[in-house]
Amino acid sequence: MKKVSIFMAIAAAASLASCTAQAPKANLKTDIDSLSYSIGMAQTQGLKGYLTGRLNVDTAYMAEFIKGLNDGVSKTSKKDIAYMAGIQIGQQISGENGMIKNINQELFAGDSTKTISKDNFMAGFIAGTLEKGGVMSMEAAQAYTRTAMETIKAKALEEKYADYAFICGIDEVGRGPLAGPVVAGAVILPKECEILYINDSKKLSAAKRDELYDEIMDKAVAVGLGMASPARIDEINILQATYEAMRQAIDNLKVKPDLLLNDAVTIPEVVIPQVPIIKGDAKSVSIAAASIVAKVTRDRLMEEYDKVLPGYGFASNKGYGSAEHIKALQTLGPTPIHRRSFIGHFV
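Residues numbered from 1 in each chain as written. Predicted model: local features only at pLDDT ≥ 70, side-chain atom pairs only at ≥ 80, totals over all residues. Heavy atoms only, no water.

It is at 8 Å that the axes of helix 8 (residues 138-158) and helix 12 (residues 285-308) come closest, and there the two elements cross at 115°. Across the interface between the two elements, Thr 151, Ala 154, Lys 155 and Glu 158 from helix 8 touch Val 285, Ser 286 and Ile 287 from helix 12. Its residues assigned to classes, the contact of helix 8 with helix 12 shows three nonpolar, two polar and two charged. (Axes fitted to C-alpha atoms, helices over the stretch in contact; angles between N-to-C directions. Helix = DSSP H or I, 4+ residues; strand = E, 2+ residues; numbered from the N terminus. Contact = heavy atoms within 4.5 Å. Nonpolar A, V, L, I, M, F, W, Y, C, P; charged D, E, K, R; others polar.)

Written out as structure tokens, the structure is:
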């Protein structure tokens, strides 16, 4: 028995359509002819529901479907197949439930005022398909996409607080080191601030943090810093010293914030409304900006300490308990910037 073409089988879908399109005329001279026809018709069970439910085909245009179906069967050259594949993927990109709509939904939660550029999307898609003509490499595009999406989502989190004029992100750096201060940053960004790559400072390279630090300091409405010394940490413990540094950072802002977004904590003795956000430096652009400012400030300070207190590797370990640092601590003894309450196990 000759193998029945799946394309010819689907062509029998014409029987579903109340339109002017015509199915190929049946000519049932042999048992094979009748079997071919019956198999073709049987294959269409549920097809109409698939077309209307899954592919969003309007039944008023079934004649166009049949025309395309016949073309699909008759056009079998490599050129025709490539062309039809392009049409299919293009429809998947821009259709009613297509890729662009899904991306907009993920990024902008259905906000109709925001949408990715269809023309630029297609320019990038075609460059990627052809593997030439692009304005960036595939690796750069993937990295940019990840970071941009994280930034957009981080900005979206703060939109729920849009009624507040000045939203301030708060974060600290340096709770865990054996040496050096704990530093807190407080940053108020403009409402429509566009700083790509703002993210948790720990996920960024030192060079990228320095670059973003300069951009944040240039664009921010206000930046405040607070610091608690090693002696103060030993006196009141690291948690209370962290809160103290955060309060200092808020007090050092030139603009009073209406709302504080904090990385995971609620700061005591602060009357400004606060929202603690778990892993906030990865979810809020304001907290991420505060994290970057605090991190760069503390890192630069530890690099200066390394110049006057050599041997401990402060420029590289930033006061954390690296093997080099612990060995130097045991050999050279503690310095004035070591936290006595942290180094008891090592000296």
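That covers the picture; the talk isn't over yet.
At a closest axis distance of 12 Å, the pairing of helix 5 (residues 78-94) and helix 7 (residues 118-130) adopts a crossing angle of 140°. Taken together, the axis directions place helix 5 and helix 7 in an arrangement best described as oblique. Every pair of crossing elements has a handedness; the one defined by helix 5 and helix 7 is right-handed. In contact with Ile 89, Ile 93 and Ser 94 of helix 5, helix 7 contributes Lys 118, Phe 121, Met 122 and Phe 125. Partitioned by chemical class, the residues of the contact of helix 5 with helix 7 number five nonpolar, one polar and one charged. (Parallel < 35°, antiparallel > 145°, perpendicular 65-115°, else oblique. Left-handed = near helix turned anticlockwise from the far one by under 90°.)

Of the pockets and cavities examined, the largest pocket occupies roughly 1700 Å³. In this structure, the largest pocket is lined by 50 residues; those nearest its centre are Leu 107, Ile 116, Tyr 144, Ala 148 and Ile 152. Among the secondary structure elements, those contributing two or more residues to the lining of the largest pocket are helix 6 (99-108), helix 7, helix 8 and helix 12. For the lining of the largest pocket, the element with the most residues is helix 8, which contributes twelve residues. Among the residues forming the lining of the largest pocket, the class breakdown is 28 nonpolar, twelve polar and ten charged. (1 Å grid on protein atoms, 1.4 Å probe; cavity = no way out; pocket = protein on both sides within 12 Å on 5 of 7 lines; lining within 4 Å. Points joined across faces, edges and corners; volume = space filled by probe spheres on them.)

Glancing now at the sheet that holds strand 3 (residues 222-228). Read from one edge to the other, the open sheet built from five strands follows the order 3-2-1-4-5, with strand pairing classed as mixed. Whereas interior strands pair on both sides, the edge strands pair on one side only; in this sheet they are strand 3 and strand 5 (274-277). Direction aside, the axes of adjacent strands within the sheet are offset by 20° on average. Bridge analysis of strand 4 (residues 259-263) against strand 5 gives four bridges, and the strand direction is parallel. Across the sheet, Asp 263 pairs through a bridge with Ile 277, a residue of strand 5. Its contacts with the sheet put helix 12 on strand 1 (167-173), strand 2 (182-188), strand 3, strand 4 and strand 5, and the angle it makes with strand 1 is roughly 40°. (Pairing = 2+ DSSP bridges.)

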